Amino acid sequence: MTIKTANLGFPRIGRHRELKFALESYWAGKSDRAALLDVASKLRAANWLLQKEMGIDVIPSNDFSLYDQVLDTAVMVGAIPSIYGWQGGSVDLDTYFAMARGSNGGHAACGHAHQGNGVPALEMTKWFDTNYHYLVPEFSADQHFELTSNKPLEAFLEARTIGVQTRPVLLGPVTFLKLGKTRDGSSAINLLDRLLPVYARIFAELAAAGADWVQVDEPCLVLDLGDEERQAVSHAYAALHALVPDLRIMLATYFGALGDNLDIVARLPVSGIHVDLVSAPQQAAAVLEKVSPQCVISLGVIDGRNIWRSDLAKLRDTILPLIGGRDHTTIQLAPSCSLLHVPIDVSLETTLDDELRSWLAFATQKLEELKQLSGAIDGSDIAVAADFRANGAATQARLTSVRVNDPIVAGRLVEIQGVEQKRHSPFAKRKDLQRRRFGLPPFPTTTIGSFPQTADVRKARSMHDKGELSYIDYKAFIERETAAAVRWQEEIGLDVFVHGEFERNDMVQYFGEQLSGFAFTRHAWVQSYGSRYVRPPIIYGDVSRPNPMTVGWWRYAQSLTQRPMKGMLTGPITILNWSFVRDDLPRETVGRQIALAIRDEVLDLEEAGAGIIQIDEAALREGLPLRKADWQHYLGWAVECFRMCTSGVADETQIHTHMCYSEFNDIMSAIAAMDADVISIETSRSKMKLLQAFAGERYPNEIGPGVYDIHSPRVPDAGEMKTLLDLAREHLLDDQLWVNPDCGLKTRKWEDVKPALVNMVEAARRLRLDLAGDKGRLARA
Ligand SMILES: CN1c2c(nc(N)[nH]c2=O)NC[C@@H]1CNc1ccc(C(=O)N[C@@H](CCC(=O)N[C@@H](CCC(=O)N[C@@H](CCC(=O)O)C(=O)O)C(=O)O)C(=O)O)cc1
Ligand SMILES: N[C@@H](CCS)C(=O)O
Ligand SMILES: [Zn+2]
């Protein structure tokens, strides 16, 4: 008997982004609920039938979501904050979308995170160390849970009507609570006993309907857990087993090693355990040794986070000795995690050259690999011999390809090895020189880079991509947009300008498309959140920058104004963390290669005359390893990469960086070590609280704490922004403080952006008046 193949989750967006278009059409009021649900059910059916046709033995259901699986769980168990007006019973679609995106108080489908009349969306944050974002469940201390509708059961039954027996997937109760937040700051884990009966009921209904297994995802088991959380895991699974002994649980862990949680996991009364052997291959032997011989072990051996074709022969040779002594009916082969994080089908990429395409495996190809691997391990499937030969040829070709190795890049890296990466002079001296060069007023105003990516801008780019608009016409169009944005910045009196990033599709993809060693795709979309997707570039070879990437656009924008125009770049760590990275080199080496490329761009911008250059590191924190013990190493090389970008510029050149998140306390020394002259950060939603982390000696350089939450179309007035700035002045020195929004404005509309920025400039003006008053008073005293 061949070893079983199992899948943990398939991408739900559709081969041609059908889900995005159906959602956005529904939100725009252009189609109705039935049309949306019809698209959703067709996508589910297509995924199930594809997996069935491919011969996958264990096919997941309830891996589909209209927006997010964590939100689905919150809605399913009735964790719906009172502001959404839910009265009990089943939850309608508009309440669901109001939680996802906020509502304007009328038809929630308008989908904006309005405050005031409407309701704001739940907070959103990244899913472990991926670029997927989930909605953060919100609990109260007196939280009551109830089953609103058994979504896993509905999915299970729906699959059965088309002849597919599935293993429903649920987010585990401990991870669900751990990812949530309580309004009073108490530990959400305390709510476990109230939640377990709801899970037990879901399980019982599934068992009664004929489900024999359920997949319960507990990725929190790869994190550093406290004793209370570990006890919660033991307690939860003991209780669920006692309440519903007939339903077998496959406990799925992924994104890292079980490590110090292995002992408790191995003792849980579950029928199966899935482990990620791609991110943590070192745990294989210990897991196989500790987990009881009757328990099914699902080996996550195909990378669910990256897009490289697996080396199947190598995998077979690693797996065989591992499972040698074990009954093969207790082994399953699976992707390391849900395939949500990879694109759907490499065969759609008809514009990629054949060689590169032969190195890649997207979700569909990964399932093929699973089948080939299981056939090969049992030696029963003769057909796999040919597949193995093709696989071996492709993986070998990739290893030795001249496209992958660039001796010049390798040489440059050797040259800088051991050379300390730092600016010529300390910040205090640079600050002085820069102040004289730019002559900016106190509390200088600026924005983060992008202005609205309007339908017109995207349309023009799409037409240009399809060859329907010449480059000359496309460039002229983008220049007109840029010129209008520059004129408008002059009108409202901002101090430091941006060109608006109209020419960019995405802050990472744009650079990937221009760097050597990167390939980009046409259809390889991956969900980032809700209906927002990204097409991560593929880093397949040594990285270099053949030509300047931004200098022409910067030069044009600067030619329109006397005000300083920021050069605008994405930093190496963000490019790395939001790309599919080659797996034949350490990530830090690839990071250093990208840093050299960005350094070249920085120096070219400086030579062209850019006095201020911003290097965004929006994903620096995102790349933090899940276990704290690994942070130091990551932060060490990540900071060094940033400093490689900036160490070559003159003291008079002002380096900015931008990070749009609000947790800095635990990485403050690394942020300070980046030594950017100015950092802009997200602070408006936390009401400047996080500035405590930057106060005093801890952060001597300049800071722009965001005063305007760009995630909402709501327009804050000048008084509100001034209040935030007054709060900021409690923590920071006046000559440290810049005034800017939380992040770029690409997802906003001009009608929201314009009044908000006018108000922001007004807030800075009032602050300057206060300062003049303070100084006057001081002088008189
Ligand atoms: C800041 N964030 C980002 C993350 N990762 C990135 N790689 N980039 C980010 O900015 N991670 C964390 C957050 C996540 N946030 C977002 C926010 C917004 C988006 C988003 O808007 N995505 C767009 C796609 C962006 C893009 O690549 N656009 C291209 C292609 C546009 C397109 O679909 N064109 C159509 C034709 C359009 C027409 O004719 O009108 C087509 O090709 O068919 C572009 O502008 O050229 C989205 O639509 O989902 C993502 C993450
Ligand atoms: N410069 C980018 C940063 C986003 S994190 C922008 O403004 O969109
Ligand atoms: Zn940002």
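Counting restarts for each chain: residues are numbered from 1 in the order of the written sequence. Here every chain gets a letter starting at A, and every ligand a number starting at 1, in the order they are written. Totals for whole chains, interfaces and linings use all residues, but because this is a predicted model, local features are given only for residues with pLDDT of at least 70 and pairs of side-chain atoms are given and counted only at 80 or more. Working from all heavy atoms in the structure, the side-chain values ignore hydrogens and water.

**Q** Teacher, can you tell me more about the overall build of the protein here?
**A** We count a stretch as a helix when DSSP gives it H or I for four or more residues in a row; a strand needs E for two or more, and each element gets its number in order from the N terminus. From N to C terminus, the protein includes 26 helices and 22 strands. The size measure is the radius of gyration over C-alpha atoms, and the globule rule it meets is 2.2 Å times the number of residues to the 0.38 power. A compact globule built from 781 residues would reach a C-alpha radius of gyration of about 28 Å, and the protein, at 27 Å, matches this within 12%. On the principal axes, the C-alpha backbone points of the protein span a range of 85 × 65 × 50 Å. The buried share among the 781 residues of the protein stands at 59%. For the accessible areas, the method is Shrake-Rupley and the probe is 1.4 Å, while residue cover comes only from the protein chains on display. Approximately 30,000 Å² of the protein is accessible, and the part contributed by carbon and sulfur atoms is 52%. Note that His is not counted, nor are the chain ends; the positive residues are Lys and Arg, and the negative ones are Asp and Glu. Taken as the charge centre is NZ of Lys, CZ of Arg, CG of Asp or CD of Glu, depending on the residue. With 84 positive and 100 negative side-chain charges, the protein shows a spacing of 3 Å between the two charge centroids. For the exposure calls, accessible area comes from a 1.4 Å probe over protein chains only, and a residue counts as buried if that area is under 20% of its type's maximum, exposed if over 50%, partly exposed in between.

**Q** Looking at this structure, how should I read the pairing of strand β12 (residues 331-335)?
**A** Two faces belong to every sheet, and in a regular strand the side chains alternate between them. For β12, the buried fraction is high: five of the five residues fall into the buried class. Relative to β12, strand β1 (residues 4-5) is paired through two bridges, and the arrangement is parallel. Bridging from a neighbouring strand, lysine 4 pairs with glutamine 332 of β12. Of the strand pairs in this sheet, strand β11 (residues 296-302) and β12 are connected by five bridges, and their pairing is parallel. Residue pairing across strands places glycine 300 opposite alanine 334, the latter belonging to β12. Read as a crossover between parallel neighbours, the route from β11 over helix α11 (residues 312-323) to β12 is right-handed. Note on pairing: two strands pair once DSSP finds at least 2 bridges between them. When the strands point away from the viewer, a crossover counts as right-handed if the path from the first strand over the helix to the second runs clockwise.

**Q** In this structure, what is going on with the sheet that holds strand β16 (residues 538-544)? I would like to understand it.
**A** The strands making up a sheet associate through hydrogen bonds between their backbones, and the pairing can be parallel or antiparallel. In space, the three strands of this open sheet follow the order β13-β16-β18, with mixed pairing throughout. Looking at strand neighbours, the two that pair on one side only are β13 (516-519) and β18 (580-581), the edges of this open sheet. The pairing of β13 with β16 spans three bridges and is antiparallel. Bridge assignment links serine 516 to a residue of β16, and that residue is serine 544.

**Q** Help me understand the sheet that holds strand β9 (residues 248-252) in this model?
**A** Across the sheet, eight strands lie side by side as β1-β12-β11-β10-β9-β8-β6-β2; this open sheet has parallel pairing. Since the sheet does not close on itself, it has two edges, and those belong to β1 and β2 (59-61), each with one partner. Sheet topology places strand β10 (residues 272-276) next to β11; five bridges connect them, and they run parallel. Bridge pairing in β11 links valine 275 to leucine 299.

**Q** What's the story with the coordination of the zinc ion (ligand 3) in this structure? I'm lost.
**A** Six octahedral donors at a metal ideally form angles of 90 or 180 degrees, and four tetrahedral donors ideally form angles of 109.5 degrees. Here the coordinating atoms are restricted to nitrogen, oxygen and sulfur within 2.8 Å of the metal centre, or 3.2 Å for Na, K and Ca, and because water is not among them the sites may look incomplete. Those donors, His658 (NE2), Cys660 (SG) and Cys743 (SG), are the protein atoms that reach the zinc ion (ligand 3), and they lie 2.1 to 2.4 Å from it. Here the zinc ion (ligand 3) is ringed by four donor atoms whose angles at the metal span 98 to 121°, and the overall shape comes out tetrahedral. On the basis of relative accessible area, histidine 658 is assigned to the buried category, the value being 2%. When its relative accessible area of 22% is taken as the criterion, cysteine 660 is described as partly exposed. Each label reflects the angles at the metal, where four donors whose angles all fall between 85 and 135 degrees are tetrahedral, four or six donors whose opposite pairs open beyond 155 degrees and whose other angles stay between 65 and 115 are square planar or octahedral respectively, and the rest are irregular.

**Q** Quick question: what am I supposed to make of the site of ligand 2 here?
**A** Every residue near ligand 2 is listed here: Ile448, Gly449, Ser450, Glu501, Met507, Asp616, Ala618, His658, Cys660, Cys743 and Gly744. Between isoleucine 448 and ligand 2, the recorded distance is 3.3 Å, taken from a backbone N or O atom to a nitrogen atom. A distance of 2.8 Å separates a nitrogen atom of ligand 2 from a polar atom in the side chain of glutamate 501. About the coverage of ligand 2: the protein hides 97% of its 270 Å² of free accessible area. For the shell around ligand 2, the residue count by class is five nonpolar, four polar and two charged. Here, proximity means that at least one heavy atom of the residue falls within 4 Å of the molecule or strand. Polar contacts, as used here, are pairs of N or O atoms within 3.5 Å; protein pairs need one atom able to donate a hydrogen and one able to accept it. Residues neighboring in sequence count only if both atoms are side-chain atoms. Basically, the charged four are Asp, Glu, Lys and Arg, the nonpolar ten are Ala, Val, Leu, Ile, Met, Phe, Trp, Tyr, Cys and Pro, and anything else, Gly included, counts as polar.

**Q** Looking at this structure, how should I read the pattern of salt bridges?
**A** Any two side chains of opposite charge can pair, on the condition that their charged atoms come close. The salt bridge definition used is simple: a Lys or Arg side-chain nitrogen within 4 Å of an Asp or Glu carboxyl oxygen. Under the defined criterion, the tally for this structure stands at 46 salt bridges. Ionic pairing is found between lysine 722 and aspartate 770, a salt bridge with its closest N-O pair at 2.7 Å. Of this pair, lysine 722 sits in helix α25 (residues 718-731) while aspartate 770 sits in helix α26 (residues 750-780), placing them 48 residues apart in sequence. Judged by relative accessible area, lysine 722 falls into the buried class, the value being 13%. Since its relative accessible area comes to 30%, aspartate 770 is described here as partly exposed. The salt bridge involving arginine 765 is made with glutamate 762; its shortest N-O contact spans 2.9 Å. Of this pair, arginine 765 and glutamate 762 are both found in helix α26, three residues apart, which corresponds to roughly one turn of the helix.

**Q** Even after reading the chapter, I still don't get the side chain of threonine 447, so can you show me in this structure?
**A** Structurally, threonine 447 is set in the loop between α16 (427-438) and α17 (455-465). Residue contacts for threonine 447: discarding those within four places in its chain leaves Leu494, Val496, Val498, Lys566, Gln614, Pro741 and Leu757. Two residues qualify as a contact provided that any one of their heavy atoms is within 4.5 Å of a heavy atom in the partner residue.

**Q** Any chance you could explain the packing of aromatic side chains here in plain terms?
**A** Where two aromatic rings form a pair, the distance of their centres and the angle of their planes describe that pair. Any two rings among Phe, Tyr and Trp, with Trp reduced to its six-membered ring, count as a pair given centres within 6.5 Å; such a pair is stacked if its planes are under 30 degrees apart, edge-to-face if over 60, and tilted if neither. One pass over the structure, following the stated rule, counts 20 aromatic pairs. On the basis of an interplanar angle of 90° and a centroid distance of 4.9 Å, the ring pair of tryptophan 127 and phenylalanine 128 is categorised as edge-to-face. The interplanar angle of 85° and the centroid separation of 6.2 Å between the aromatic rings of phenylalanine 451 and tryptophan 488 together place this pair among those described as edge-to-face. In this pair, phenylalanine 451 sits in the loop between α16 and α17 while tryptophan 488 sits in helix α18 (residues 471-492), placing the two residues 37 residues apart along the sequence. For phenylalanine 451, a relative accessible area of 0% corresponds to the buried category. An aromatic cluster of at least three residues, connected via ring pairs, comprises Tyr26, Trp27, Tyr67, Tyr96 and Phe97. Two conditions define a charge located above a ring, namely a distance within 6 Å from the ring centre to NZ of Lys or CZ of Arg, and an angle within 35 degrees of the ring normal. The ring of tryptophan 750 has lysine 754 lying over it, and the distance from NZ or CZ to the ring centre is 5.4 Å.

**Q** Would you take a moment to explain the site of ligand 1 for this structure?
**A** Around ligand 1 lies a shell of 22 residues, among which Lys20, Asn131, Arg461, Asp506 and Lys746 are the nearest. The side chain of glutamine 509 places a nitrogen or oxygen atom 3.5 Å from an oxygen atom of ligand 1. In the environment of ligand 1, an oxygen atom lies 2.8 Å from a nitrogen or oxygen atom belonging to the side chain of arginine 532. The fraction of the free accessible surface of ligand 1 (1,000 Å²) that becomes covered by protein chains is 82%.

**Q** What exactly am I supposed to notice about the UniProt feature "binding site: Zn(2+) 2" (unreviewed entry) in the protein here?
**A** UniProt annotation of "binding site: Zn(2+) 2" (unreviewed entry) refers to His658 when read in the numbering used here. Tracing the backbone shows histidine 658 in strand β20 (residues 654-659). Filtering out sequence-adjacent residues up to four positions away, histidine 658 remains in contact with Ile448, Gln614, Ile615, Asp616, Glu617, Ala618, Ser680, Asp742 and Cys743. UniProt positions are given in the numbering used here, feature names are shortened, and annotations may be inferred rather than shown by experiment.

**Q** Can you walk me through the UniProt feature "active site" (unreviewed entry) in the protein in this structure?
**A** On the UniProt side, "active site" (unreviewed entry) is annotated at positions that read His711 here. Assignment of secondary structure puts histidine 711 in the loop between β22 (702-705) and α25. A residue is classified by how much of its surface remains accessible, and histidine 711, at 37% relative accessible area, is partly exposed.

**Q** Explanation requested: the packing of helix α20 (residues 551-558) against helix α22 (residues 587-608) in the structure shown.
**A** The description of two packed helices rests on the angle between their axes and on the distance between the axes. The axes used here are C-alpha line fits, helices contributing only the stretch in contact, and every angle between their N-to-C directions lies in the interval 0 to 180 degrees. Between α20 and α22, the least distance of the axes is 10 Å, while the angle of their chain directions is 30°. Regarding the angle of α20 to α22, the classification is roughly parallel. The two elements α20 and α22 cross, and the hand of that crossing is right-handed. Mapping the contact onto sequence places Val551, Trp554 and Arg555 in α20 and Glu601, Asp604, Leu605 and Ala608 in α22. Each residue belonging to the contact of α20 with α22 can be placed in one class, and the counts come to four nonpolar, no polar and three charged. By definition in this entry, angles of less than 35 degrees are roughly parallel, angles greater than 145 are roughly antiparallel, angles of 65 to 115 are roughly perpendicular, and the rest are oblique. By definition, turning the near helix anticlockwise from the far helix through less than a right angle yields a left-handed crossing, and turning it clockwise yields a right-handed one.

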